[in-house]
Amino acid sequence: MEAGNVTEFVDNLAMQDEAVLYDGMLYYFYGIRFDEETRHYHTSIDRFQNDIHHFVDEFYSYEGATFDDCLSHLLEDKIWNGKSFYEVEHEMKWVDW
């Protein structure tokens, strides 16, 4: 991961939101959140043009019973042009606000 350490990036998702530039787009990771009402964990990624002011779509969303399940899906689902997060993270640039 350009401009940062991928392990630190993933660790941060437990505490906060993060963003990366990938393939000409900005991807905003909402981290892993616990919903008191549903008693489930949720994560999502929104896609923007090259900045946060030009929303494109909700790129990814997952809800799971545990934090680990949610994080595992976020990292292992083949959502990046048929590849997982770790298969493309070397092409991503961590955007630090």
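Residues numbered from 1 in each chain as written. Predicted model: local features only at pLDDT ≥ 70, side-chain atom pairs only at ≥ 80, totals over all residues. Heavy atoms only, no water.

**Student:** Would you explain the nonpolar core in this entry?
**Tutor:** A general tendency of soluble globular proteins is for nonpolar side chains to be buried together. Counting residues in each nonpolar core, the largest one holds 23 residues, and the members touching the most others are F9, F29, W80 and F85. For this core, the secondary-structure elements that each account for two or more residues are α1 (6-12), β1 (18-22), β2 (25-35), β4 (55-64), α2 (67-76) and α3 (85-88). The next biggest cluster of nonpolar side chains, apart from the first, holds five residues, and it includes A19, L26, F48 and V95. (Core = buried A, V, L, I, M, F, W, Y, C linked by side-chain atoms within 4.5 Å. Buried < 20%, exposed > 50% of the residue type's maximum accessible area, 1.4 Å probe, protein only. Helix = DSSP H or I, 4+ residues; strand = E, 2+ residues; numbered from the N terminus.)

**Student:** Help me out: how do you make sense of the environment of E58 in this one?
**Tutor:** Looking at the element boundaries, E58 is found in strand β4. Using a relative accessible area of 48% as the deciding quantity, one classes E58 as partly exposed. For the pair E58 and D46, spaced 12 residues apart in sequence, the C-alpha to C-alpha distance is 4.4 Å. Setting aside residues up to four positions removed in sequence, E58 forms contacts with S44, I45 and D46. (Contact = heavy atoms within 4.5 Å.)

**Student:** How do you make sense of the environment of H40 when you look at a structure like this?
**Tutor:** Following the sequence through the fold, H40 ends up in strand β3 (residues 40-48). Taking C-alpha positions, H40 is 6.6 Å from E63, a pair spaced 23 residues apart along the chain. Aside from chain neighbours lying at most four places away, what touches H40 is R33, F34, D35, E63, G64 and A65. At 3.0 Å, the side chain of H40 and the backbone oxygen of T38 are in polar contact. (Polar contact = N/O pair within 3.5 Å; in protein donor to acceptor, adjacent residues only side chain to side chain.)

**Student:** Just to check I follow, could you spell out the pairing of β1 for this structure?
**Tutor:** Looking down a regular strand, the side chains alternate between one sheet face and the other. Where burial is concerned, most of β1 is hidden: four out of the five residues are buried. Sheet topology places β1 next to β2; five bridges connect them, and they run antiparallel. Each residue of the ladder has a partner; that of L21, found in β2, is L26. Linkage of β1 to β2, two consecutive antiparallel strands, is achieved through a turn of two residues, within which D23 is found at a positive phi near 55 degrees. (Pairing = 2+ DSSP bridges.)

**Student:** What is the right way to look at the pairing of β2 in this model?
**Tutor:** Pairing of β2 with β3, which is carried by eight bridges, proceeds in the antiparallel orientation. Looking at β3, one finds that L26 is bridged to F48. Counted between consecutive antiparallel strands, the loop separating β2 from β3 contains four residues, among which R39 sits at a positive phi close to 65 degrees.

**Student:** Explain the pattern of salt bridges here, please?
**Tutor:** If the charged atoms of two oppositely charged side chains come close together, the side chains can form a pair. Taken as a whole, this structure holds four salt bridges when the rule is applied. Note that D17 is salt-bridged to R33, the shortest N-O span being 2.4 Å. Of the two residues, D17 sits in the loop between α1 and β1 while R33 sits in strand β2, which places them 16 residues apart along the sequence. Overall, D17 belongs to the partly exposed group, its relative accessible area being 23%. The exposure class of R33 is partly exposed, given its relative accessible area of 40%. Here R39 and E36 are joined by a salt bridge, their closest N and O atoms 2.9 Å apart. (Salt bridge = Lys/Arg side-chain N within 4 Å of Asp/Glu carboxyl O.)

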